[in-house]
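# Residue-level structural notes
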Amino acid sequence: MYHLRVPVTEQELKEYYQFRWEMLRKPLHQPIGSEKDAYDAMAHHQMVVDEHGKIVAAGRLYINADNEASIRFLAVDPSVQSKGLGTLVAMTLESVARQEGVKRVVCSAREDAVEFFATLGFVNQGEIAVPQTTPVRHFLMIKPVATLDDILHRPDWCGQLQQAWYEHIPLSEKMGVRISQYTGQRFVTTMPEAGNQNPHHTLFAGSLFSMATLTGWGLIWLLLRERHLGGTIILADAHIRYSNPVSGRPRAVADLGSISGDLDRLARGRKARVQLTVALYGDEEQGAVFEGTYIVLPAKPYDPLEKGGSELGVA
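Residues numbered from 1 in each chain as written. Predicted model: local features only at pLDDT ≥ 70, side-chain atom pairs only at ≥ 80, totals over all residues. Heavy atoms only, no water.

Taking an unreviewed UniProt entry as the reference, the chain is identified by name as GNAT family N-acetyltransferase belonging to Chimaeribacter californicus.

Structure (structure tokens):
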């Protein structure tokens with residue numbers, strides 16, 4: 001089980017930089033300190049830890065200018081390579097860049113990493129001729145960043161999910177809950193203010209809770225599709241913390257990085273427990289955080305939803 005997080009505490013940052021040095025600089029006989037640069041203090045950092053809290057992957061994003069960001073120090077522990085952790089970090093950093101409004105992401109990729117970045121949509125611009133801090137050949141890779149409004153990964157699945165909500169939970173249609181974004185990593189829903197506002201022109205707590213529940217359920221549904229699994233998703237437990245009134249057009253945001261659990265149990269015919277968080281926003285700031293625990297029951301052999309979906313259920 002792996003968890004994506006931002007290193008924040010002094011101890012986390014110490015371990016994060018130590019990991020960067022061990023993965024990227026130590027093999028090249030570079031001294032401690034070479035794993036850092038002057039941009040770290042202003043950059044966005046991500047790391048993946050295992051169930052023991054050990055860092056197994058890391059990466060950094062720095063906003064170079066108004067329209068460009070760069071990925072550096074992307075590394076995965078050799079013992080867990082080929083598990084998609086490097087892709088998870090890179091996609092998360094790209095998502096951050098998109099939220100910052102940049103038009104492209106660049107990276108100086110080592111020769112053995114060119115193919116990896118190419119699979120993520122980066123285009124090789126050729127070898128970098130300027131002097132490097134390491135003796136390894138580097139290549140400039142560039143990827144245009146689509147705006148949030150342009151992104152809807154697997155629109156066919158999103159359409160099926162939207163229809164499943166409306167068929168099985170009529171309240172979702174009355175509330176007007178709709179899918180606005182799915183990147184393969186990040187899932188966003190919204191609903192109109194009309195009909196969901198109280199007399200103080202802020203969103204009803206019940207409406208926000210319902211939208212968050214559907215958003216968490218929907219991301220699990222999509223994840224099952226990505227893994228070619230079927231099953232019945234049931235909300236088993238949920239908590240929501242309200243920090244600010246939500247006004248304006250609401251958004252519920254769920255990210256794969258917040259999910260913990262073992263969906264592979266479904267392939268063995270066993271139920272799986274999945275936990276995740278959903279952040280709720282209005283026009284100005286985050287207003288609440290939803291934490292949900294869902295149970296996914298394996299699909300029965302005759303279950304028609306094995307063809308590509310999951311039933312709705314509430315415990």
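### Brief notes about the overall build of the chain
Secondary structure assignment for the chain yields seven helices and 15 strands. Over its C-alpha atoms the chain spans a radius of gyration of 21 Å, differing by no more than 12% from the 20 Å that the globule rule assigns to 315 residues. Dimensions along the principal axes, computed over C-alpha positions, put the chain at roughly 60 × 50 × 35 Å. Looking at the chain as a whole, 49% of its 315 residues qualify as buried. The long-range fraction of contacts in the chain, counting pairs at least 24 apart against all pairs at least 6 apart in sequence, stands at 66%. Separation of charge centres in the chain, based on 32 positive and 36 negative side chains, amounts to 4 Å. (Helix = DSSP H or I, 4+ residues; strand = E, 2+ residues; numbered from the N terminus. Rg over C-alpha atoms; globule rule 2.2 N^0.38 Å. Buried < 20%, exposed > 50% of the residue type's maximum accessible area, 1.4 Å probe, protein only. Contact = heavy atoms within 4.5 Å. Lys, Arg positive; Asp, Glu negative; His and termini not counted. Charge placed at Lys NZ, Arg CZ, Asp CG, Glu CD.)

### A closer look at the packing of aromatic side chains
All told, the structure shown has seven aromatic pairs when counted by the stated rule. The interplanar angle of 50 degrees and the centroid separation of 4.6 Å between the aromatic rings of Y39 and Y62 together place this pair among those described as tilted. Of this pair, Y39 sits in the loop between α1 (10–25) and β2 (44–49) while Y62 sits in strand β3 (residues 55–65), and the two are 23 residues apart along the sequence. Taking the relative accessible area as the measure of exposure, Y39 reaches 41% and is therefore partly exposed. Measuring from centroid to centroid gives 5.5 Å for F209 and F290, while their planes differ by 70 degrees, and the two rings are edge-to-face. Here F290 lies in strand β14 (residues 286–298) and F209 lies in helix α6 (residues 205–226), a separation of 81 residues in the sequence. Members of the aromatic cluster, each reached through a chain of ring pairs, are F116, F117 and F122. A cation over an aromatic ring shows up here: R20 above the ring of F73, its NZ or CZ 3.8 Å from the ring centre. (Phe/Tyr/Trp six-rings, centres within 6.5 Å; stacked < 30°, edge-to-face > 60°. Lys NZ or Arg CZ within 6 Å of the ring centre and 35° of its normal.)

### Some remarks on α6
Three or four residues apart is the spacing at which side chains of an α-helix point the same way, because the helix has 3.6 residues per turn. With 22 residues, α6 should reach 32 Å at 1.5 Å per residue; the first-to-last C-alpha distance of 32 Å fits that figure. Buried residues dominate α6, accounting for 17 of its 22 residues. Following α6 by one or two positions, H228 adopts a phi angle in the positive range, close to 60 degrees. (Expected span 1.5 Å × (residues − 1).)

### Focus: the sheet that holds strand β1 (residues 3–5)
Strand order in the open sheet formed by seven strands is β1-β2-β3-β4-β5-β7-β6, with mixed pairing between adjacent strands. A single partner strand is all that each edge strand has here, and the edge strands are β1 and β6 (123–127). With direction set aside, neighbouring strand axes in the sheet form an average angle of 20 degrees. Inspection of the sheet shows strand β5 (residues 104–110) paired to strand β7 (residues 138–144) by seven bridges, in the antiparallel sense. Note on β7: the bridge partner recorded for A109 is F139. (Pairing = 2+ DSSP bridges. Axes fitted to C-alpha atoms, helices over the stretch in contact; angles between N-to-C directions.)

### A look at the domain arrangement of the chain
Interface size is often expressed as the accessible area that is lost when the parts come together. Under the domain assignment, the chain is made up of domain 1 (3–144) and domain 2 (155–298). If you look at the interface, domain 1 gives seven residues, while domain 2 gives six residues. Looking at the side of domain 1 facing domain 2, the largest losses of area belong to H3, L4 and M91, adding up to 52% of the total buried there. Between the two partners, domain 1 and domain 2, sit zero salt bridges. Our count for the domain 1 to domain 2 interface comes out at zero residue pairs in polar contact (both at pLDDT 80 or more). Residue assignment for the side of domain 1 that touches domain 2 shows that the elements contributing at least two residues are β1 and α2 (85–99). The leading source of residues in the side of domain 1 that touches domain 2 is α2, at five residues. The residue inventory of the side of domain 1 that touches domain 2, partitioned by class, reads three nonpolar, four polar and no charged. (Domains from an automatic or database assignment. Buried area = accessible area lost by both parts, 1.4 Å probe. Salt bridge = Lys/Arg side-chain N within 4 Å of Asp/Glu carboxyl O. Polar contact = N/O pair within 3.5 Å; in protein donor to acceptor, adjacent residues only side chain to side chain. Nonpolar A, V, L, I, M, F, W, Y, C, P; charged D, E, K, R; others polar.)

### Describing the environment of L140
Take L140: it is sitting in strand β7. Given the relative accessible area of 32%, L140 is considered partly exposed. Distance from L140 to S108, taken between C-alpha atoms, is 4.9 Å for residues 32 residues apart in sequence. Aside from chain neighbours lying at most four places away, what touches L140 is V106, C107, V123, N124, Q125, G126 and I128.

### Some points on α1
When the terminal C-alpha atoms of α1 are compared, their 21 Å separation across 16 residues agrees well with the 22 Å that a helix rising 1.5 Å per residue should span. Here α1 has its buried residues at E12, Y16, Y17, F19, R20, W21, L24 and R25. The inward-facing, buried residues of α1 contact β1, β2, β3, β4 (68–76) and β5.

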